[in-house]
Amino acid sequence: MGRVTIVSSLVIVAAVIGSITSYQVKPANYAKLVEQQKKFDEAFEKEFYVEHTKYVETGERSERLQEMFEYMRQQPDMFRMEMDDHPLPYLTVECTACRALVTTYLTYRRVLGWDRERIAAQAASTCETLNILTPANCMKIVDKNIDILLYIIDNRPALSAQTMCGIIFQSGTCVLEDPTFLNWSINVPPGGRPITASKTSPNRGAGDFKIIHITDVHYDPHYRTGYNAVCGEPCCCREGQGIPSNPADGAGEWGDYRDCDSPWKAVEDAVRAAARQHPDATYVYYTGDIIDHGVWETTVAGNIVSMTRTYQLFRDVFGTKPVYPVLGNHENNPTNVFAPSYIDRADFSASWLYDFSADQWSSWLPTATQQTIRQGGFYTALVRPGFRIIGMNNNDAYTFNWWILYDPAYLQAQLQWLHDTLLQAEAAGEKVHILAHIPIGAGTSYRTWARQYRRILDRFWDVITAHFHGHTHADEFNVFYSLANPQHAISVGFNAGGTVPFSNYNPNYVVYYVNPQTYQVTDFESWYFNLTEANQNPNRSPIWQQLYSFSRDFQLSNVSPASLDGLVRRFASNPTELHRYWEMKVKRGDPFLAAGCSGDCLLNHLCQIVTNEANDDSKCNALAAIFRNLDDELFNEDK
């Protein structure tokens with residue numbers, strides 16, 4: 001394919017796909033567009049290798065290579081968003097870039113025999129060219145990850161660029177096709193109560209107990225008030241980034257809407273506010289991410305200092321009140337990377353994190369949890385007779401965990417443990433809350449893992465009474481539907497948002513009301529403060545207030561899977577109500593409200609509620625038919 005043809009195809013595909021603003025809502029001719037994009041990507045991939053090899057040999061970038069880099073260059077707001085929120089134009093470009101770059105570097109390593117130093121230097125140069133980080137920080141982030149990636153590439157010679165990019169992006173032309181990564185499963189024998197309808201729950205009652213849910217504090221020890229909040233990197237407001245000439249670009253006293261994490265005073269204020277306002281809460285859940293977004297310069301020693309300080313704060317503030325924590329993807333070093341337990345190289349292993357967590361959590365968790373925490377960062381604990389908590393480390397199934405590329409089947413072990421633990425809970429007549437950092441079924445949950453999890457959920461839908469997540473920083477919920485009977489809603493995942501404002505959010509935490517017999521969540525409320533107002537009054541503490549009481553604000557009797565499934569359908573036919581949910585989801589962050597959300601933006605948020613597995617658009621399509629007044633028969637989920 002010649003250059004003119006390539007550029008023409010690019011313009012056509014980008015123009016059509018560029019009109020779509022949501023990651024789940026696809027145009028009617030999406031399959032045809034993907035086929036066109038595949039051809040474009042294949043040609044782009046080959047041409048990029050040729051042009052980049054010329055550059056490596058001569059030191060001169062051709063005009064065509066400059067054009068190709070320009071096409072791949074990161075969007076200015078890309079680092080603000082979780083991958084699930086990247087609109088289709090972003091994902092299209094990211095997939096093309098992934099395939100071109102990975103093919104090129106695989107060839108350099110496997111065919112031309114480039115050594116570690118040459119690969120690292122060239123990768124850092126590419127990072128700089130694409131404006132991902134500053135030159136110095138590009139080298140730092142490459143150095144953090146290069147040895148792991150080379151180990152995986154060298155020991156898995158059949159691993160292709162298509163498979164690698166299919167694992168990471170799971171969308172568009174980056175579709176996973178390798179059976180090694182698709183066809184593994186765990187043992188889920190039949191049994192349990194049949195699913196015959198959507199799951200219901202009691203209404204909120206006077207005897208319900210309360211659980212405080214805090215997540216994603218993202219404490220940045222390098223945060224400095226007044227320092228540059230528009231630094232152009234993934235994480236700003238940091239000491240090394242200087243004081244901007246324009247004071248308006250400086251970091252706020254209590255945090256900043258821009259790409260900034262939390263100063264210690266804001267972390268402390270949030271935890272103390274939750275304890276002060278809800279002294280009658282029985283338990284505290286913390287669903288991960290203590291460490292900041294300065295991923296290019298994290299260290300084991302630095303992470304230990306930040307985590308120790310944060311866990312001690314929880315002990316000081318909540319005293320003897322039990323806290324149930326799980327790990328976030330930022331807790332390890334390098335970020336996101338959780339090796340199989342049998343990988344014993346000290347520079348690859350996460351055992352330091354698991355041992356540290358077992359020690360830190362020992363004041364809250366029973367001694368019996370030590371073995372599995374030290375093994376893989378997960379545990380189960382009997383909270384009271386009839387009520388059990390399972391704390392998962394599902395960061396291993398995060399698509400940016402490189403070790404999935406090495407051995408996807410290593411994820412079976414924790415899932416099988418989950419199944420077996422639930423089987424024992426069922427036999428003992430216990431109900432279970434599951435805590436996990438990354439929302440289960442999100443687009444960044446490895447697709448095969450999510451499918452196996454759904455099999456477990458189908459089997460134990462009557463045992464699992466709720467899920468609790470973090471990671472996205474959005475105050476949201478997800479409805480889980482039966483894999484075997486997709487018309488039935490069987491569980492709910494609640495996400496507490498985050499106390500960090502990164503990015504554009506107001507800080508918040510959530511409080512749940514739980515029935516003491518069924519251990520189902522009957523209602524929940526969110527508490528937040530407005531960051532603009534707090535920073536305008538830097539010498540006093542922020543004013544925390546209720547963002548919503550969910551049942552009251554949406555006129556619901558309860559928040560059961562059945563009830564929330566009905567609410568989702570209401571949202572589809574009532575954009576005003578859906579918009580109110582969106583305002584609560586983004587926690588009325590001033591930049592979000594200023595930008596607004598309507599049309600496909602709202603539909604995207606609606607689809608996120610009901611998506612249980614990457615690329616499973618069946619529920620989204622059904623809601624889109626209602627939202628757009630289309631014929632429901634076009635989106636028959638049984639087809």
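Because the structure is predicted, anything quoted here is derived from the model rather than measured. (Residues numbered from 1 in each chain as written. Predicted model: local features only at pLDDT ≥ 70, side-chain atom pairs only at ≥ 80, totals over all residues. Heavy atoms only, no water.)

1. Here's the deal with the overall build of the protein
Line of reasoning, step 1. Within the protein, the secondary structure is distributed over 22 helices and 12 strands.
Line of reasoning, step 2. Here the protein has a C-alpha radius of gyration of 24 Å; the compact-globule value for 639 residues is 26 Å, and the two agree.
Line of reasoning, step 3. Seen through its principal axes, the protein has C-alpha atoms that stretch 75 × 60 × 50 Å.
Line of reasoning, step 4. Expressed as a percentage of its 639 residues, the buried residues of the protein come to 61%.
Line of reasoning, step 5. Across the protein, contacts joining residues at least 24 apart in sequence account for 73% of those joining residues at least 6 apart. (Helix = DSSP H or I, 4+ residues; strand = E, 2+ residues; numbered from the N terminus. Rg over C-alpha atoms; globule rule 2.2 N^0.38 Å. Buried < 20%, exposed > 50% of the residue type's maximum accessible area, 1.4 Å probe, protein only. Contact = heavy atoms within 4.5 Å.)

2. With respect to the UniProt feature "binding site: Zn(2+) 2" (unreviewed entry) in the protein
Line of reasoning, step 1. The sites that UniProt annotates as "binding site: Zn(2+) 2" (unreviewed entry) are D289, N329, H437 and H471. A compact arrangement is adopted by the annotated residues: their sequence extent is 183 residues, whereas the largest C-alpha distance between any two is 8.2 Å.
Line of reasoning, step 2. Ignoring any residue separated from it by four or fewer positions in sequence, one finds D289 in contact with D216, V217, H218, G328, N329, H330, E331, H437 and H471.
Line of reasoning, step 3. Relative to the elements of secondary structure, H471 occurs in the loop between β7 (464-469) and β8 (475-481).
Line of reasoning, step 4. Among the polar contacts made by the side chain of H471, one reaches the side chain of N329 at a distance of 3.2 Å. (UniProt positions renumbered as here; feature names shortened; annotations may be inferred. Polar contact = N/O pair within 3.5 Å; in protein donor to acceptor, adjacent residues only side chain to side chain.)

3. Topic: the pattern of salt bridges
Line of reasoning, step 1. Scanning the model with the defined rule gives 36 salt bridges in all.
Line of reasoning, step 2. Ionic pairing is found between E297 and R238, a salt bridge with its closest N-O pair at 2.4 Å. Of this pair, E297 sits in the loop between β2 (283-286) and α10 (300-318) while R238 sits in the loop between β1 (209-214) and α9 (264-277); the two residues are 59 residues apart in sequence, bridging distant segments of the chain.
Line of reasoning, step 3. Under the relative-accessibility criterion, E297 is labelled partly exposed at 34%.
Line of reasoning, step 4. Looking at R238, the relative accessible area reads 3%, which means it is buried.
Line of reasoning, step 5. With its nearest N and O atoms 3.3 Å apart, the salt bridge here joins R374 to D355. Pair noted here: R374 is in helix α12 (residues 370-376) and D355 is in helix α11 (residues 351-361), with a separation of 19 residues, a long-range link. (Salt bridge = Lys/Arg side-chain N within 4 Å of Asp/Glu carboxyl O.)

4. Some words on the packing of aromatic side chains
Line of reasoning, step 1. According to the stated counting rule, one finds 48 aromatic pairs in the structure shown.
Line of reasoning, step 2. Summarising the aromatic geometry, the rings of Y311 and W361 are spaced 6.4 Å apart at their centres and angled 90° between planes, so their arrangement reads as edge-to-face. Of the two residues, Y311 is situated in helix α10 and W361 in helix α11; the sequence distance between them amounts to 50 residues.
Line of reasoning, step 3. Among the residues examined, Y311 registers a relative accessible area of 2% and is labelled buried.
Line of reasoning, step 4. The ring of Y481 carries the charged tip of K619 above its face, separated from the ring centre by 4.2 Å. (Phe/Tyr/Trp six-rings, centres within 6.5 Å; stacked < 30°, edge-to-face > 60°. Lys NZ or Arg CZ within 6 Å of the ring centre and 35° of its normal.)

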